[in-house]
Amino acid sequence: MAENSNFKSPKRLSSLQGGPSDQSSGAVPGEKTRDASLEGIDFERRNFLGKAVGGIGAVVAAGTLYPVVKYITPPAEKEVKDVDEKVVGKASEVPPDSGKIYQFNKDKVIVVNNGGQLTACSAVCTHLGCLVQWKEDEELIYCACHGARYEQDGKIISGPQPLPLAPYNVRVDGDDLVISKA
């Protein structure tokens, strides 16, 4: 393969007409000839450039694929310690005739204050898992995805949902809003 190359190694030069002989190829410290010190090393430019371009291409491919793979793979779930009771906020955060969604363990819970009466139930619709909301004008919990309607305590009024919303207990302790499992 070295015979087709333009690179003029000492061996190639000696085989060419009028080229230097092995004796005039120079010496390397330690009294070895140049040919003996370069034995086993491939000096072809094309081979070197192919390896260099391949290496650079591999680095670029890895640099491009890494963020794509990190974006596609879901993040590791954080361990949430299940508790029976939790302070989720202040009672003043849920004024009369309103509702607010809080995180309780792994669930989302909607706390509704309807004229001073506090109730809590799951905020995840049992139809397709959409988040529900409190509709003050109709005094009911409503799922905007497919029109499911629930009473303030989570019982079904109308819609495609198969089950009522899971109930939770809620109480005010000082100014803290405390949610617990029913």
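1. Here's the deal with the sheet that holds strand β4 (residues 98–104)
Consider a sheet: its strands pair through backbone hydrogen bonds, and that pairing is either parallel or antiparallel.
(1) Moving on: If you trace the six strands from one edge of the open sheet to the other, you get β3-β12-β11-β6-β5-β4, paired in antiparallel fashion. Two strands lie at the open edges of the sheet, namely β3 (85–90) and β4, each paired on one side alone. Between one strand axis and the next, the sheet turns by 30 degrees as a mean value, whatever way the strands run.
(2) Moving on: Both strand β6 (residues 117–122) and strand β11 (residues 167–173) contribute to a ladder of two bridges, which runs antiparallel.

2. What about the sheet that holds strand β9 (residues 148–150)?
(1) Moving on: In spatial order, the strands read β7-β8-β9-β10; together these four strands make up an open sheet with antiparallel pairing. In this open sheet, the two strands that pair with only one neighbour each are β7 (133–135) and β10 (156–158). Going from strand to strand, the sheet's axes swing by 40 degrees on average, the running direction of each strand aside.

3. A few points about the pattern of salt bridges
Opposite charge on two side chains makes pairing possible when the charged atoms of those side chains draw close.
(1) Moving on: Under the criterion given, the structure shown has eight salt bridges.
(2) Moving on: In this structure, the salt-bridge partner of Asp 176 is Lys 90, at a minimum N-O distance of 3.1 Å. With Asp 176 in strand β12 (residues 176–181) and Lys 90 in strand β3, this residue pair connects regions lying 86 residues apart in the sequence.
(3) Moving on: For Asp 176, a relative accessible area of 25% puts it in the partly exposed group.
(4) Moving on: Using a relative accessible area of 37% as the deciding quantity, one classes Lys 90 as partly exposed.
(5) Moving on: Between Lys 135 and Glu 138 there is a salt bridge; the shortest N-O distance is 3.2 Å.
(6) Moving on: For Lys 135, a relative accessible area of 22% puts it in the partly exposed group.

4. Concerning the state of the cysteines
(1) Moving on: This structure, assessed with the given rule, holds one disulfide.
(2) Moving on: A sulfur-sulfur distance of 2.0 Å marks the disulfide that ties Cys 130 to Cys 145. Negative torsions about the S-S bond denote left-handed disulfides, and the value of about -110 degrees found for Cys 130 with Cys 145 makes this one left-handed. Here Cys 130, found in the loop between β6 and β7, pairs with Cys 145, found in the loop between β8 (140–143) and β9; they are 15 residues apart in sequence, far enough to count as distant.

5. A short note on the pairing of β6
(1) Moving on: As judged from the six bridges shared by strand β5 (residues 107–114) and β6, these two strands associate in the antiparallel manner. In the strand pairing of β6, Asn 114 is matched with Gln 117.
(2) Moving on: Taking the residues that link successive antiparallel strands as the turn, the β5-β6 hairpin has two residues, and the phi of Gly 115 there is positive, at about 65 degrees.

6. Some details on a negative patch on the surface
(1) Moving on: A cluster of like negative charges, contributed by Asp 97, Glu 136, Asp 137 and Glu 139, occupies part of the molecular surface.
(2) Moving on: Relative to the helices and strands, Asp 97 is located in the loop between β3 and β4.

7. Considerations on the packing of aromatic side chains
(1) Moving on: Going through the model one piece at a time under the given rule, you end up with one aromatic pair.
(2) Moving on: Centre to centre, the rings of Phe 104 and Tyr 168 are 5.6 Å apart; their planes meet at 80 degrees, and the pair counts as edge-to-face. Within this pair, whereas Phe 104 is found in strand β4, its partner Tyr 168 is found in strand β11, the two being separated by 64 residues in sequence. For the pair shown, Phe 104 and Tyr 168 are each scored as buried.

8. Remarks on the side chain of Ser 180
(1) Moving on: One can find Ser 180 in strand β12.
(2) Moving on: Not counting the four nearest positions on each side in its chain, Ser 180 is found in contact with Asp 84, Glu 85, Phe 104, Tyr 168 and Asn 169.

9. A closer look at the pairing of β12
(1) Moving on: By the bridge criterion, five bridges tie β3 to β12 in an arrangement that is antiparallel. Bridging from a neighbouring strand, Glu 85 pairs with Ser 180 of β12.
(2) Moving on: Between β11 and β12, which pair antiparallel one after the other, the connecting turn spans two residues, and Gly 174 there sits at a positive phi close to 75 degrees.

Conventions we followed
Residues numbered from 1 in each chain as written. Predicted model: local features only at pLDDT ≥ 70, side-chain atom pairs only at ≥ 80, totals over all residues. Heavy atoms only, no water. Pairing = 2+ DSSP bridges. Helix = DSSP H or I, 4+ residues; strand = E, 2+ residues; numbered from the N terminus. Axes fitted to C-alpha atoms, helices over the stretch in contact; angles between N-to-C directions. Salt bridge = Lys/Arg side-chain N within 4 Å of Asp/Glu carboxyl O. Buried < 20%, exposed > 50% of the residue type's maximum accessible area, 1.4 Å probe, protein only. Disulfide = S-S within 2.5 Å. Patch = residues over 30% accessible without salt bridge, like charges linked within 9 Å, V, L, I, M, F, W, Y side chains within 5 Å. Areas by Shrake-Rupley, 256 points an atom, 1.4 Å probe, with all protein chains shown as cover. Lys, Arg positive; Asp, Glu negative; His and termini not counted. Charge placed at Lys NZ, Arg CZ, Asp CG, Glu CD. Phe/Tyr/Trp six-rings, centres within 6.5 Å; stacked < 30°, edge-to-face > 60°. Contact = heavy atoms within 4.5 Å.

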